[in-house]
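Structural description and commentary
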Amino acid sequence: MVGKKKSDRSSRIPFTEQAGRWMEERPKPVKWLLVAALAVLIAAMPAFGNWWVRILINTGLMLMCALGLNVILGNVGQFHLGYVAFYGIGAYLYAILASPHLGLHVPFLLVFVLAGILTGILGAVLSIPTARLRGDYLALVTLAFGEVFYLIVNNMQLTNGALGIMSIDKPDLGILTLDSPGKFYYAIAILVALEAFLLHRISQSRIGRGMAAIREDEDAAGAMGLNTKNLKILANGIGAVPAGLAGVLFAASQSFVSPVNFTSTDSTLILSMVVVGGTGNVFGVILGVLLLTILPEPLRRYMTNTRMLFYAVLLLCFAVRRPQGLWKASHRISRIKKDQVRRILEAGENR
Amino acid sequence: MLAQQIVNGLVSGCIIALIALGYTMVYGVMRMINFAHASIFMSGSMFAWFMLKGLHVIEGQLTSETVEMSSTSKILVFLLVSVAAAAFCALLGLALERLAYRPLQNASRLSVVIAAMAAGMTMDNVAMLVSGGSAKGFPMLLPSKTFTVAGANVTSLQIFIGGITIGILLLLTFIVHRTYMGRAIRAVSEDRAAASLMGVNVNRVIQVVFILGPAIAGISAVLYSMYYGQSVYSMGSQVATRAWIAAVVGGIGSIRGSVAGAMLLGLMETIGSGYLPLLTNGVIGSEYSKVFALILLMLVLLFRPQGLFGEPIKGRS
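Residues numbered from 1 in each chain as written. Chains lettered and ligands numbered in written order. Predicted model: local features only at pLDDT ≥ 70, side-chain atom pairs only at ≥ 80, totals over all residues. Heavy atoms only, no water.

1. Description of the overall build of chain B
- On a plain count of helices and strands, chain B comes out with eleven helices and four strands.
- Against the compact-globule benchmark of 20 Å for 317 residues, chain B has a radius of gyration of 20 Å, which places it among compact chains.
- The dimensions of chain B, computed from C-alpha atoms along their principal axes, are 55 × 50 × 35 Å.
- Put simply, chain B has 317 residues, and 54% of those count as buried.
- Taking all contacts inside chain B whose residues are at least 6 apart in sequence as the whole, residues at least 24 apart take part in 77%. (Helix = DSSP H or I, 4+ residues; strand = E, 2+ residues; numbered from the N terminus. Rg over C-alpha atoms; globule rule 2.2 N^0.38 Å. Buried < 20%, exposed > 50% of the residue type's maximum accessible area, 1.4 Å probe, protein only. Contact = heavy atoms within 4.5 Å.)

Below, the structure is given as structure tokens:
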């Protein structure tokens, strides 16, 4: 008797993968049209009012962070539990260097580049002691690092402790100054698109495939000749950079930073966006961020106290029921593999 | 002054040790840090506080003092509440294992970590909502006497904490080395597959570990609350980092290691934060004690990743 077996359900292709494949199979002009429509939609956002633009700015910044975390978490499979520290380093760097706090007014672009380099190096260096060891240890080190960052920033004179730093300069880019939410929005939108594109290309490159191999089976990757230690350090370095850059933008757009934005709960928040969306998959991460930053906004009025509880329970459900997230990673790779395997098997049978 | 720092360091080390034991035991059988352990610890303290309220031992807003009671009845209440908190934490541990660990035993390690963290966050937030977000004063239930030893003031509570820690250490060592279940636990930590082939019920062993660790944390929670006088929903995160760093430094998977690591950490923290302001003329204050923990962790991971008492890690596994 043909009945409903458990295997029937697992061999059904999930909706997001079907959608992804459908998209891929559309002819080129349709794809370009869709991209253009998306661009127009994004460009038209400020017409909906400042409140909405501010939400989108936050979403954009979270996107930058989540895409960066995705490199470490999704591409290489290492747990990074203190990611918000990089965000905070970028933010505080700009706050200290471009505000009345110390009287310095270093140009925005300089701090922007500097923050990226600094967080990149820091991210890589932080992973060096644990590159030889298993992923658990990196989780511990990064968790501790995140907490220590909060501790230092909350207590240091240089960062003005719990009071934070105010009246941070607006970015002066020479040709224009970003002094309104609308302008920030466009700048961030462009940066996010650039970052998503770059990181996606990296994940499809040789380096990216090497990282994916480490994620799937580190011992096998090592046996295949990959330098797992260096790749892990590289991934940690690359992954930390977007957070630093986003931090600088955050400080510039808010004109105010304080330690309260950079607690370990915020690290877990960014983590949850990556996990819920789909670790390892750039599109999945974007989906996850959009879901978790835009959806709660209308609910904010009703759920101020229970917001974090909602997040926690959601994360728990996702982690237990669908650990790979909404949009699974590397379905393209597995499809190619499946085709190749099928051809090899058929060639063998026809002998 | 140094003697006082040593005493304080050892006592805070004892409390951390009891929590670190939970981390180390779960790691031993599951090769996984139980990120929700600290939240179970905090829940135990909250539970104890609400129980005290329910028993009308404490009333009203100012709950750091009990109502009029004889000291013997206070001691009885302490015993009752400790056992109840231990049982509550054990139940939470079992529930955690059932809901967040067992469904994911074949999934990637990342999902288990995230599930545990999410479970911990859930517990923290529930506690925050239930307690209204404020710290609750916790009464001292044991008679309080202060002794002076070698220039340091030692309270009876500190002696009691030290005694309980040694007692639990001995009890746990006895269980692990002299009972059948202990042997089963050791077998599963060494080689899970081989243990199950030898007829050990691995699921049962894991359940036992998830009872023992949290139960000890529950007792520690009551002691911690009495020692620091309060019970607050953020307690877990205050101790979590120090506790698992202690476990890793001492050698994760080793019971002796957790206690040793915790003592070391406790001493380092108190002595360091005691002398650091003096050494740096007040530039670096005593709030930075957690930085010591991180530095210790990094050093240990660089030069001796298996910790003080752990087995050498052969590259990867």
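Having seen it, we continue.
2. Considering the overall build of chain A
- When you go through chain A residue by residue, the secondary structure sums to 16 helices and two strands.
- Taken across its 351 residues, chain A has 49% of its residues classed as buried.
- Looking at chain A alone, contacts between residues at least 24 apart form 76% of all its contacts between residues at least 6 apart.

3. A closer look at the packing of helix α5 (residues 156-178) of chain B against helix α8 (residues 202-228) of chain B
All names here are of chain B.
- Taken N-terminus to C-terminus, the directions of α5 and α8 make an angle of 175°; their axes are 11 Å apart at the nearest point. For the element pair α5 / α8, the angle class is roughly antiparallel. Side by side, α5 and α8 meet where Leu 157, Gln 158, Phe 160, Ile 161, Ile 164, Ile 168 and Leu 172 of the first sit next to Leu 212, Ile 216, Ile 219, Leu 223, Met 226 and Tyr 227 of the second. (Axes fitted to C-alpha atoms, helices over the stretch in contact; angles between N-to-C directions. Parallel < 35°, antiparallel > 145°, perpendicular 65-115°, else oblique.)

4. Some details on the interface of chain B and chain A
- Opposite the 45 residues of chain B that make contact, chain A presents 42 residues.
- Taken together, both faces of the contact between chain B and chain A bury some 3900 Å²; the carbon and sulfur share is 74%.
- On the surface where chain B and chain A come into contact, there are zero salt bridges.
- Here chain B and chain A share one residue pair in polar contact (both at pLDDT 80 or more) between them. (Buried area = accessible area lost by both parts, 1.4 Å probe. Salt bridge = Lys/Arg side-chain N within 4 Å of Asp/Glu carboxyl O. Polar contact = N/O pair within 3.5 Å; in protein donor to acceptor, adjacent residues only side chain to side chain.)

5. Details of the packing of aromatic side chains
- Using the criterion set out here, one finds 17 aromatic pairs over all chains in the structure.
- Ring geometry for Tyr 87 of chain A and Phe 250 of chain A: centres 5.3 Å apart, planes at 40°, overall tilted. Taken together, the residues Tyr 87 of chain A in helix α5 (residues 84-97) and Phe 250 of chain A in helix α11 (residues 228-254) connect sequence positions 163 residues apart.
- Taking relative accessible area as the criterion, Tyr 87 of chain A reaches 3% and is therefore assigned buried.
- With 4.6 Å between their ring centres and 50° between their planes, Tyr 224 of chain B and Tyr 228 of chain B make a pair best called tilted. Separated by four residues within a single helix, Tyr 224 of chain B and Tyr 228 of chain B lie in helix α8, roughly one turn from each other.
- Looking at Tyr 224 of chain B, the relative accessible area reads 8%, which means it is buried.
- Among the aromatic residues, ring-to-ring pairing joins Tyr 87, Tyr 92, Phe 149, Phe 250 and Phe 262 of chain A into one connected group. (Phe/Tyr/Trp six-rings, centres within 6.5 Å; stacked < 30°, edge-to-face > 60°.)

6. Describing helix α6 (residues 108-127) of chain A
- End to end, α6 of chain A covers 29 Å across 20 residues, agreeing with the expected 28 Å (1.5 Å per residue, within 8%).
- Of all the positions in α6 of chain A, only Phe 108, Val 111, Phe 112, Ala 115, Gly 116, Thr 119, Gly 120, Gly 123, Ala 124, Leu 126 and Ser 127 of chain A are classed as buried. (Expected span 1.5 Å × (residues − 1).)

7. Quick notes on helix α2 (residues 37-54) of chain B
- Here α2 of chain B spans 25 Å end to end across 18 residues, near enough to the 26 Å set by a 1.5 Å rise per residue.
- Of all 18 residues making up α2 of chain B, 14 are buried, and the element is well covered by its neighbours.

8. Things to note about the pairing of strand β3 (residues 152-155) of chain B
All names here are of chain B.
- Covered by surrounding structure in β3 are Ala 152 and Val 154 only, the residues Asn 153 and Thr 155 on the alternate face being uncovered.
- Pairing of strand β2 (residues 146-149) with β3 involves four bridges; the strand directions are antiparallel. Bridging across to β3, Phe 147 finds its partner in Val 154.
- Count of turn residues in the β2/β3 antiparallel hairpin: two residues, of which Ala 150 carries a positive phi of about 50°. (Pairing = 2+ DSSP bridges.)

9. Structural notes on the pattern of salt bridges
- What the rule picks out here adds up to three salt bridges over all chains.
- As a salt-bridge pair, Lys 232 of chain A and Glu 218 of chain A come within 2.8 Å of each other at their nearest N and O atoms. Residue Lys 232 of chain A is found in helix α11, and its partner Glu 218 of chain A is found in helix α10 (residues 218-223); the two are separated by 14 residues along the sequence. Judged on exposure class, the residue Lys 232 of chain A and its partner Glu 218 of chain A are both buried.
- Salt-bridge contacts for Glu 269 of chain B lead to Arg 242 of chain B; the nearest nitrogen and oxygen are separated by 3.1 Å. Here Glu 269 of chain B is found in helix α10 (residues 255-279), whereas its partner Arg 242 of chain B is found in helix α9 (residues 235-250), with 27 residues between them in sequence.
- Classification of Arg 242 of chain B as buried rests on a relative accessible area of 15%.

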